[in-house]
Amino acid sequence: MNYKMMGRFISQILFIEAFFMIPALCISMGYGEGHAVRAFAITIAITAAISVALYLLCKGAPSAFQAREGLVCVSVSWIVLSLLGCLPFYISREIPSYVDAFFEIVSGFTTTGASIVPAVEELSHGILYWRSFSHWVGGMGVLVFLLAFTGQKGQGFTMHLLRAESPGPNVGKLVPKMRKTAGILYLLYIGLTVLDIIFLLLGDMPLFEAVCHAFGTAGTGGFGVKNDSLASYSPYLQNVTTVFMILFGVNFSCYYLLLLKQFKSVFKDEELRTYFGIIFVSIVLICLNIRHLYPTLEETIRHAAFQVGSIITTTGYATTDFDLWPAFSKTLILLLMVCGASAGSTGGGIKVARVLLIFKSLTRNIRQVISPRKVELVRNNGHVVDQKILDNTNAYLAAYVIIIFSVFLIISLDGFSIGTNFSAVLCTFNNIGPGFEAVGPTCNFSAYSPLSKLVLSWAMLAGRLEIFPMLVLFSHNTWKRR
């Protein structure tokens, strides 16, 4: 295990985190929020000091970097980022419990949006900004940012880290060099975020709120600046957010292909067609089911489209209390929680690409049972899918089910209803945010015990990092001498 190389890399990640806190510090200073200024200043100093000390300690590390180091480095980096990133909440006393502060920032970095804060509007501007910005940097990945905008080199370094942090069953190159791929992804990400801010400003949303909401939309996170999420905003602003949530749930490779004018390749993409097909069908079915709850057809469609877009992209914003919807619509919402957005997007969940592979693999196996001597292949976009990818998808699904029920069993010790606990597990592990009943869109996670909050925090990290980096970190085999 190349500990020095990992330590040097983590030191650079911490330096970036300290740098990212500077705007929040400036915002707190601008609004005269002394306690928040003090909290950010102390946190920046602590984070920067640890970064420098770790860098000096690990200076001269060998450059070889294998898959095992990549997985461990990613998982450790996200844990350390969260342990230090929550300090502004705790030091400012706006979240007086460290476990609660840790849960909140893990929810931010993993773009989950599950909160323990009962009154969001009472938080200072600097803290609100840091909550929302954690979504933005966590959406595309802080490690991807490092790979995109630094000259970090090393044998296998870039590929192993990008594969470990990027969402989806497979990471492909947009261009021959992975570092340039990371740069292209972030430039597309920044461009769409700026475009979202512009459209929100055109709807008369204040600049600070527009930036915070755009960060939450881009990262498909869901932290807002009001207790009612987006319910009190105009229909125009709700519709803009619906569109951009869905856009950020698209595989970013499709946007790159559009820039290259490869329109045919985009339109033929099976995952993209399935993604939009699921959204359209879900909106129609929910509209038919909830039509009697709203006075006009426009309002019905608006709320249905918003919540479908919010849940399938795992953003977690809300314009209405969907916990009051009929059982059929709530069941569809649960299915969308599990499905998630496209691979290569900022969304969570299993991902549409994996759902497609699972169904295609199932269909192939049925055909093989009928015709044992016939060779059956799984194809995606006209290409044969490698058996290794299918095996990884099956392993992911097995781990997904085991973790869901393990976390569900542990948090059941708190005595909440089955509906509350099961939706809490689904919406944290799939990085969504609000669930049903006691963790619904009008409630929060503050009632859970410290143990449950830590377990749910682990579930959020495992869900965001596609499970395996967190499993590898706690595997005995990882730490064996080779």
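In what follows, the structure referred to is the one given above.
Criteria and thresholds
- Residues numbered from 1 in each chain as written.
- Predicted model: local features only at pLDDT ≥ 70, side-chain atom pairs only at ≥ 80, totals over all residues.
- Heavy atoms only, no water.
- Helix = DSSP H or I, 4+ residues; strand = E, 2+ residues; numbered from the N terminus.
- Expected span 1.5 Å × (residues − 1).
- Buried < 20%, exposed > 50% of the residue type's maximum accessible area, 1.4 Å probe, protein only.
- Contact = heavy atoms within 4.5 Å.
- Phe/Tyr/Trp six-rings, centres within 6.5 Å; stacked < 30°, edge-to-face > 60°.
- Lys NZ or Arg CZ within 6 Å of the ring centre and 35° of its normal.
- Polar contact = N/O pair within 3.5 Å; in protein donor to acceptor, adjacent residues only side chain to side chain.

Peer 1: Go over helix 15 (residues 297-312), please, and point to the residues and values.
Peer 2: Across its 16 residues, helix 15 extends 22 Å between first and last C-alpha, which sits within 8% of the 22 Å expected from 1.5 Å per residue. Most of helix 15 sits inside the fold, with 12 of its 16 residues counted as buried. Listing the buried residues of helix 15 in full gives Thr300, Arg302, His303, Ala304, Ala305, Phe306, Gln307, Val308, Gly309, Ser310, Ile311 and Ile312. Those residues of helix 15 that are buried lie in contact with helix 11 (235-248), helix 14 (270-290) and helix 16 (327-339). With its phi angle positive at about 60°, threonine 314 sits one or two positions after the end of helix 15.

Peer 1: Tell me about the packing of aromatic side chains, and please be specific about residues and values.
Peer 2: In total, this model carries 30 aromatic pairs according to the counting rule given. Plain terms: the ring middles of tyrosine 189 and phenylalanine 252 are 6.1 Å apart, the flat faces sit at 70° to each other, and that makes the pair edge-to-face. One end of the pair, tyrosine 189, is in helix 9 (residues 178-202); the other, phenylalanine 252, is in helix 12 (residues 252-259), and 63 residues separate them in sequence. Across the pair, exposure class does not vary: tyrosine 189 and phenylalanine 252 are buried alike. Over the ring of tyrosine 233 we find lysine 226, and its NZ or CZ is 4.4 Å from the ring centre.

Peer 1: How would you summarise the environment of glutamate 121 if you had to cite specific residues and measurements?
Peer 2: Topologically, glutamate 121 is positioned in the loop between helix 5 (98-109) and helix 6 (125-140). Residue glutamate 121 is classed as partly exposed on the basis of its relative accessible area, which comes to 48%. With near-sequence residues (within four places) excluded, glutamate 121 lies in contact with Val225, Lys226 and Asn227. Side chain to side chain, glutamate 121 and asparagine 227 meet in a polar contact 3.3 Å long.

Peer 1: Let's hear about unusual backbone geometry: which residues, and what values?
Peer 2: With a phi close to 60°, threonine 111 is a non-glycine residue in the positive phi region. Within the fold, threonine 111 resides in the loop between helix 5 and helix 6. A positive phi angle, close to 45°, is found at threonine 220, a residue other than glycine. Along the chain, threonine 220 turns up in the loop between helix 10 (207-218) and helix 11. You can call threonine 220 buried: its relative accessible area is 0%.

That's the geometry; what it means functionally is another story.
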